[in-house]
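Letter by letter, the chains look like this.
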Amino acid sequence: AHFKSGWVLSQVGRAHYEMVRYSDALRAFKKAHDVEPHRLAGMELHSTILWHLKREVDLCHLAKRAVELDRASPYSCCVVGNAFSLQKEHDTALKFFCRAIQLAPDFAYAHTLCGHEHAAKDDFDNASKAYETALLHDPRHYNAWYGLGNIYFRQEKYSDAEVHMKRALRINSCSSPLHCYLGMALHRSRKNPQALEQLGEAIKIDPRNPLARFEKAQVLLSMDKSEAALAELQLLVEVAPKEGMVHLTMGKLYKKLGRPQEAVVHLTRALDLSPKDSQQIKAALLNLQRDRDDDEEEEL
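> Talk me through the overall build of the protein; I want residue IDs and the actual numbers.
Of the regular secondary structure elements, the protein holds 17 helices and zero strands. Taking the principal axes of its C-alpha atoms as reference, the protein extends roughly 80 × 40 × 35 Å. When each of the 300 residues of the protein is scored for burial, the buried share is 46%. The contacts of the protein with a sequence gap of at least 6 include a subset with a gap of at least 24, amounting to 49%. Counting 41 positive and 41 negative side-chain charges, the protein places the centres of these two groups 6 Å from one another.

> I'd like a description of the nonpolar core, backed by residues and values.
Counting residues in each nonpolar core, the largest one holds 83 residues, and the members touching the most others are Tyr17 and Leu233. With residues near it in sequence (within four places) discarded, Leu233 still touches Phe214, Ala217, Val246, Thr249, Met250 and Leu253.

> Let's hear about the side chain of Ser176: which residues, and what values?
Along the chain, the position of Ser176 falls in helix H11 (residues 176-188). The class of Ser176 is buried, set by a relative accessible area of 2%. Engagement of the side chain of Ser176 in a polar contact is seen with the backbone oxygen of Ala202, the distance being 2.7 Å. Look past the residues within four positions of Ser176 in its chain and what remains in contact with it is Ala202, Ile205, Asp206 and Asn209.

> Which residues make up empty space enclosed by the protein, and what are the values?
In total, this model carries one cavity of 30 Å³ or more according to the counting rule given. In this structure, the largest cavity is lined by Ser10, Phe29, Ala32, His33, Glu36, Arg39, Ala41, Gly42, Met43, His46 and Arg65. When residues of the lining of the largest cavity are traced back to their parent elements, those giving at least two are helix H2 (22-35) and helix H3 (43-52). Per-element tally for the lining of the largest cavity: the top contributor is H2, with three residues. Across the lining of the largest cavity, the residue classes tally to four nonpolar, four polar and three charged.

> Which residues make up the layout of surface pockets, and what values do they have?
Space inside the largest pocket adds up to approximately 1,300 Å³. Considering the residues around the largest pocket, the lining is formed by 36 residues, among which Tyr22, Trp51, His52, Tyr146 and Tyr181 are closest to the centre. The element contributing the most residues to the lining of the largest pocket is helix H7 (residues 108-120), with six residues. Each residue belonging to the lining of the largest pocket can be placed in one class, and the counts come to 17 nonpolar, 12 polar and seven charged. Taken as a whole, the second largest pocket holds about 330 Å³ of empty space. Taken together, 21 residues make up the lining of the second largest pocket; nearest its centre are Arg14, Glu44, Leu45, Phe107 and Tyr109. Elements with a contribution of two residues or more to the lining of the second largest pocket: helix H1 (6-18), H3, H7 and helix H9 (142-154). The element best represented in the lining of the second largest pocket is H1, accounting for six residues. Of the residues that constitute the lining of the second largest pocket, the class distribution is 10 nonpolar, five polar and six charged.

The rules behind the values
Residues numbered from 1 in each chain as written. Predicted model: local features only at pLDDT ≥ 70, side-chain atom pairs only at ≥ 80, totals over all residues. Heavy atoms only, no water. Helix = DSSP H or I, 4+ residues; strand = E, 2+ residues; numbered from the N terminus. Buried < 20%, exposed > 50% of the residue type's maximum accessible area, 1.4 Å probe, protein only. Contact = heavy atoms within 4.5 Å. Lys, Arg positive; Asp, Glu negative; His and termini not counted. Charge placed at Lys NZ, Arg CZ, Asp CG, Glu CD. Core = buried A, V, L, I, M, F, W, Y, C linked by side-chain atoms within 4.5 Å. Polar contact = N/O pair within 3.5 Å; in protein donor to acceptor, adjacent residues only side chain to side chain. 1 Å grid on protein atoms, 1.4 Å probe; cavity = no way out; pocket = protein on both sides within 12 Å on 5 of 7 lines; lining within 4 Å. Points joined across faces, edges and corners; volume = space filled by probe spheres on them. Nonpolar A, V, L, I, M, F, W, Y, C, P; charged D, E, K, R; others polar.

Here it is, written out as structure tokens:
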């Protein structure tokens, strides 16, 4: 009976969320709602999962339901804020997250959500203050440690990013994205063996984490391990077949390995998928054609 209570089901949802198992988390939160339709606690995480999955319609429905239950609840404010955040209306989202803080000043997650919105606007000073305030209220709030690490990473302060990502991982070692971001920071600091270890752990936890595989391939390329990098990219293209940057990287790598036909296939695919990178891709195709023309002249 206890296992079927709204509180327990919400905790199950939280556990799945923290392991980035969003489908399982959604199922648990839906069951929690079915058992206790008036329960608001946990809706803030439910809304964050929908934000990550880009489920705009579902998130709007959840926001409407939360407001109908209690528009003066900090949980409702966070849900509505996440709905606006997904629509890239960062200022409006911030108003709702700040309202949540007014209603519950010690609500660490509301402070972190404020930090995420400031970071989305490249307002790193206010983002850092928000994350630090979250940690004052809850030192084990790993999302805020990640937020600070992300700011340092974007400011190219990679050793500081490494320190903060490690703090986040000490609290939540089951997060594939946290291992991935630590690996990225280590790679930028030229600590390639450690970077490979962290990226490998990210992939072990979630084999379908596309960023971890892509970053692992980049580390291997920087170490001149072309065949190993190609193996990672071949696995990645099965998971993310519509990522233009993956095809562009594969095209360049096939060219380097002396396999021009496969290079052309992937560069052409990249051109179809990433029009914004068309100049870079066309330059790669042109270089490939020149190399082939040079080879033909040498044969003559």
